[in-house]
Each structure stands twice: as C-alpha cells, then as structure tokens.
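Listed here are the chains, written in short residue letters.
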Amino acid sequence: MKVVSVVGARPQLVKLAPIAAAFAGTPHQHVIVHTGQHYDADLSDVFFSGLGIPDPDVHLGVGSGTHGVQTGRILAALDPVFAAEQPDWVLVYGDTNSTLAGAVSAVKQHIPVAHLEAGLRSFNRRMPEEHNRVLTDHAADLLLAPTEEAVRHLTTEGLAERTALVGDVMVDVCLRIRDAVRRGEHPAPALPEGIDPNGPYLVSTLHRPDNTDDPERLAGLVQALAGLDLPVALLAHPRLLARAEEQGIKLAQGGIRVGRPLPYAGLVAAVLGSHGVITDSGGLQKEAYLLGRPCTTLRPETEWVETIEGGWNVLVPDPAALGAQWATTATRPAPGTERGTPYGDGHAAERVVQVLAERAA
Ligand code: UD1
C-alpha cells in the first residue's frame, strides 16, 4: 500500500509524527507532502527535527495568502503530485486550508481520501476550520474519527458507513513526549524572558482570527491576560504578532511575557511546569487535559467537549463579561475530578495504518 500524507500547518506536523512512526514499522510506502502553508522554522522545521519525522518527500512552498489564494495554490500544486504518485490513499489531517485542498485534489482524481480527525464540529460557521472540516468530511472516502462524539456528528450527517473510530493520534505523541520530558531527555523549554520556570506561571497562546483580527477584541483579551495575578508566558504565533503590530496593540503588558512558539517537547514541558493554560487552540486544550493542567479557553465553544467535563476546561467567550470572576477562573487550581480516556489509549496511529490497509482497494 502507498499512502501520501498531506501536511502544512503546525498541528498537522504533530499528528504526522505518530503516523510516520507507525508506517516505519510496516512494508507500506509513506510519502510526505508539505504544502508550505507554515514556513517559519518555529512553526515547521522544529517539529520535523524534534519529533523525528522524516523530511518531506515533496515541498510545495505555497506560503501565506487569503483563504482562496492559499487553498487554490495548494490545490493546483497537488494535482501533478497525486497524478504522479497514484497512491492507494491520500491522508489529510485536521482542518486547515491544506486539509481541504488535499481532499479536493484527490477526490477529483478518483484517488481515495482518508480524513484523520474527522467529525469534529464547533458549529461556528465563522471559523475557517469549520468549513474545512465539514467540506473535507463530505468529500472523503474514509473518516478516521478520534472520539465517540465525532462518530455521532458524522452519523447525524449521514456519513456513518465511511466512519471508523480509531482514537486520537495526539494522545500517542503527547504521552510519549511527556514521558521523555519526565525522564529528562529534553532540554528545559525556552520560556519567555521574565518567566521563572520554578515559580507559578500560566501558558497562553492566541491565534484564531476571531480573537486576533478585530482590534477591540484583541485589546480586550490582552488586557484580561495582563491583569492576572500570575505571570503569563504568551507563546506568540506569527499571526498574533502581525495583527498586534498592525493594530498598535502592545502585547507585553502587566504580567504578560512574550516569547516565541515552542517546539513540541518544549510546549509539553512548559505546560507540565505551569499552573494552567489559557488558549484558543484546539490542540492545546487537549494537551492541557492530557497533562492534567486546568485550561481556560477564550472561545464560545469547543470541538473537544470531553475536556469540559469535571471542570478541566472552562470556556470564556468574553473575559470582561465575567468581571472579578475572570481572574478566579483563569488562575483556578486543577480540579480534583478524575479524567477519563475519551481520546483513546495512545495507539491510534497503529490503528489508522491498519484500517487504511484493510480498506485499500
Ligand atoms: C492555521 C490553520 C489553523 C491552525 C493554525 C495553527 C487554516 C485556515 N488555519 O492558522 O486551523 O490552528 O494554522 O498554527 O488553515 N504566518 C507566518 N509564518 C508562517 C505561517 C503563517 O508568518 O509560517 C502568518 C501569515 O503571514 C498570516 C498568518 O500567519 O498572516 C496566518 O497563517 P495561516 O497559515 O493562513 O493561518 P494560521 O493562523 O497559522
């Protein structure tokens, strides 16, 4: 069996790591295509080196652009790659513009498409990721669902027959790296200057367009982080830096210490060393949950509803609307409640390879 994986943005590289490792132990051929959606070393190269992912076989180098331009460029560049490779499966990951373009190019060429992390829904049609997920799920031939909730959404949309519950490959990689960090196999994370790694601190990331692109909204969120009693290690995505600069918003206010995005092991170590997490990232909500740190999510909804149970994740659509309760929420200790294993047992990637092989034409 030959499988072409299409990746391009940071969260896809994290998911690719366990998949590439699972293929490595098999006779199957695994071809990696990097679209170049993310091109900064902090968002791309460090994930390949840090997670032991083989170098991409093909690099499309598409870069940034409006959604139409970026998606269109990827689509056009993928056509000849798939035509030449003629794989048994094109495997697309998550919900970015690279995911949608990969699915569309493959389906138009009658090449079977499998979607990893299928069935997630925010039901928020303002999110580019929501369009990408829905369109990709309906185009794909095989829907690899991470959770029972995702299977329920796919079933509701009439896609049950194409669905397989495999678990979440992010558990595979997160737990492996957590154990390596605990064994001291990774250097201490490069936390922003001014964060005491031994003192209590919060880890924060912000990059969703709904949070970064409206000046009033972004200024309000920055103010909310700045006013907390604990120092905030703000690991700034390039989109956040660019929008803050354009809008004349200073990020380094109050307790906020601005730093660069961290490589994966650095992020895991930073979260393990933290008091808690404040984010709008889907991946980080789940990593906080898996690593046992309370998370505050600056969004009105989450796709990862399982993290909400037991108070591990709390949604705060608007910190200002909470008044004094914002600070108590954002700095709350970890709840004493048990966490289940809604995301699987850490062997999802092997199951993905197995299901692909079973269902290859
Ligand atoms: C993308 C995904 C999002 C994912 C996120 C993780 C889409 C629609 N969104 O959002 O689902 O959670 O990646 O990071 O696919 N930029 C750089 N350097 C880079 C990449 C981007 O400076 O390496 C800048 C671009 O110039 C642009 C902004 O960041 O201004 C947005 O990049 P883009 O890839 O379009 O979307 P993300 O916000 O990263």
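Since the structure is predicted, the reported quantities are computational estimates derived from the model, not experimental observations. (Residues numbered from 1 in each chain as written. Predicted model: local features only at pLDDT ≥ 70, side-chain atom pairs only at ≥ 80, totals over all residues. Heavy atoms only, no water.)

A.B. asks: Hey, could you go over the overall build of the protein chain for me, with residue numbers and the actual values?
C.D. replies: When helices and strands are counted, the protein chain shows 15 helices and 13 strands. Expected size for 361 residues packed as a compact globule is a radius of gyration near 21 Å; at 20 Å, the protein chain falls within 12% of this value. Dimensions of the protein chain, computed from C-alpha atoms along their principal axes, come out at roughly 60 × 40 × 40 Å. For the protein chain, the residues scored as buried account for 55% of the 361 residues in total. The contacts of the protein chain with a sequence gap of at least 6 include a subset with a gap of at least 24, amounting to 69%. Taken as a whole, the protein chain presents about 14,600 Å² of accessible surface, with 53% of it coming from carbon and sulfur. Distance between charge centroids for the protein chain: 1 Å, based on 29 positive and 42 negative side chains. (Helix = DSSP H or I, 4+ residues; strand = E, 2+ residues; numbered from the N terminus. Rg over C-alpha atoms; globule rule 2.2 N^0.38 Å. Buried < 20%, exposed > 50% of the residue type's maximum accessible area, 1.4 Å probe, protein only. Contact = heavy atoms within 4.5 Å. Areas by Shrake-Rupley, 256 points an atom, 1.4 Å probe, with all protein chains shown as cover. Lys, Arg positive; Asp, Glu negative; His and termini not counted. Charge placed at Lys NZ, Arg CZ, Asp CG, Glu CD.)

A.B. asks: Mind laying out the site of the ligand, listing which residues take part and the relevant values?
C.D. replies: In the vicinity of the ligand there are 23 residues, among which Gln-37, His-38, Tyr-39, Asp-40 and Arg-239 approach most closely. Interatomic distance of 2.7 Å between a side-chain N/O atom of His-38 and an oxygen atom of the ligand. Within the backbone of Asp-40, a nitrogen or oxygen atom sits 2.8 Å from an oxygen atom of the ligand. In isolation the ligand exposes 730 Å². Once the protein is present, 88% of that is buried. (Near = heavy atom within 4 Å. Polar contact = N/O pair within 3.5 Å; in protein donor to acceptor, adjacent residues only side chain to side chain.)

A.B. asks: I'd like to hear about the pattern of salt bridges, residue by residue, with values.
C.D. replies: Once the charged atoms of two side chains with opposite charge are near each other, the side chains can pair. Under the counting rule described, the total for this entry stands at 20 salt bridges. Notably, a salt bridge pairs Asp-137 with Arg-121, separated by 2.9 Å at the nearest N-O pair. Highlighted residues: Asp-137 in helix H5 (residues 128–139) and Arg-121 in the loop between strand E5 (113–116) and H5, separated in sequence by 16 residues. Comparing Asp-137 with Arg-121, the two get one shared label, buried. For Glu-157, the salt bridge is made with Arg-121, and the minimal N-O distance between the two is 2.8 Å. Highlighted residues: Glu-157 in the loop between helix H6 (148–156) and strand E7 (163–165) and Arg-121 in the loop between E5 and H5, separated in sequence by 36 residues. On the accessibility criterion, Glu-157 (27% relative accessible area) is partly exposed. Several salt bridges share partner residues, and in doing so they unite Asp-95, Glu-130, Arg-133, Arg-299, Glu-301 and Glu-303 into one network. (Salt bridge = Lys/Arg side-chain N within 4 Å of Asp/Glu carboxyl O.)

A.B. asks: Can you explain the domain arrangement of the protein chain? Please cite residues and give values.
C.D. replies: Taken domain by domain, the protein chain consists of domain 1 (2–168 + 344–359) and domain 2 (179–330). If you average the C-alpha positions of domain 1 and of domain 2, the two centres end up 26 Å apart. Opposite the 23 residues of domain 1 that make contact, domain 2 presents 18 residues. Both faces combined, the contact of domain 1 with domain 2 buries some 1,700 Å², and carbon together with sulfur accounts for 55% of it. Taken together, the connections running from domain 1 to domain 2 amount to 5 salt bridges. The interface formed by domain 1 and domain 2 contains 6 residue pairs in polar contact (both at pLDDT 80 or more). Going through the elements one at a time, helix H1 (10–24), helix H2 (45–51) and H5 are the ones with two or more residues in the side of domain 1 that touches domain 2. (Domains from an automatic or database assignment. Buried area = accessible area lost by both parts, 1.4 Å probe.)

A.B. asks: Describe the layout of surface pockets, and please don't skip the residues or the numbers.
C.D. replies: Roughly 1,100 Å³ of internal volume is contained in the largest pocket. If you go around the largest pocket, you meet 50 residues; those closest to its centre are Ala-9, Pro-11, His-38, His-207 and His-237. Counting residues per element, the ones that place at least two in the lining of the largest pocket are H1, helix H3 (67–85), H5, helix H10 (238–246), helix H11 (264–272) and helix H12 (282–291). In terms of residue count, the dominant contributor to the lining of the largest pocket is H12 (5 residues). In the lining of the largest pocket, the residues fall into 20 nonpolar, 16 polar and 14 charged. In terms of domain composition, the lining of the largest pocket takes at least three residues from each of domain 1 (2–168 + 344–359) and domain 2 (179–330). (1 Å grid on protein atoms, 1.4 Å probe; cavity = no way out; pocket = protein on both sides within 12 Å on 5 of 7 lines; lining within 4 Å. Points joined across faces, edges and corners; volume = space filled by probe spheres on them. Nonpolar A, V, L, I, M, F, W, Y, C, P; charged D, E, K, R; others polar.)

A.B. asks: So, the pairing of strand E2 (residues 29–34): which residues are in play, and what are the values?
C.D. replies: Burial runs high along E2: 5 of the 6 residues are buried. Note: strand E1 (residues 2–7) against E2, 6 bridges, orientation parallel. What sits directly across from Val-7, in E2, is His-34. Inspection of the sheet shows E2 paired to strand E3 (residues 58–59) by 2 bridges, in the parallel sense. (Pairing = 2+ DSSP bridges.)

A.B. asks: Would you mind going over the sheet that holds strand E12 (residues 295–297) in detail, with residue names and values included?
C.D. replies: Judged by pairing direction, the sheet is parallel, and its 6 strands sit side by side in the order E10-E9-E8-E11-E12-E13 without closing on themselves. Both edges of this open sheet fall to strand E10 (256–259) and strand E13 (313–315), since each of them pairs with a single strand only. The average angle at which neighbouring strand axes cross in this sheet is 20°, direction not considered. With 4 bridges connecting them, strand E9 (residues 232–235) and E10 associate as parallel partners. In the sheet register, Leu-235 faces E10, and the bridge partner there is Gly-259. (Axes fitted to C-alpha atoms, helices over the stretch in contact; angles between N-to-C directions.)

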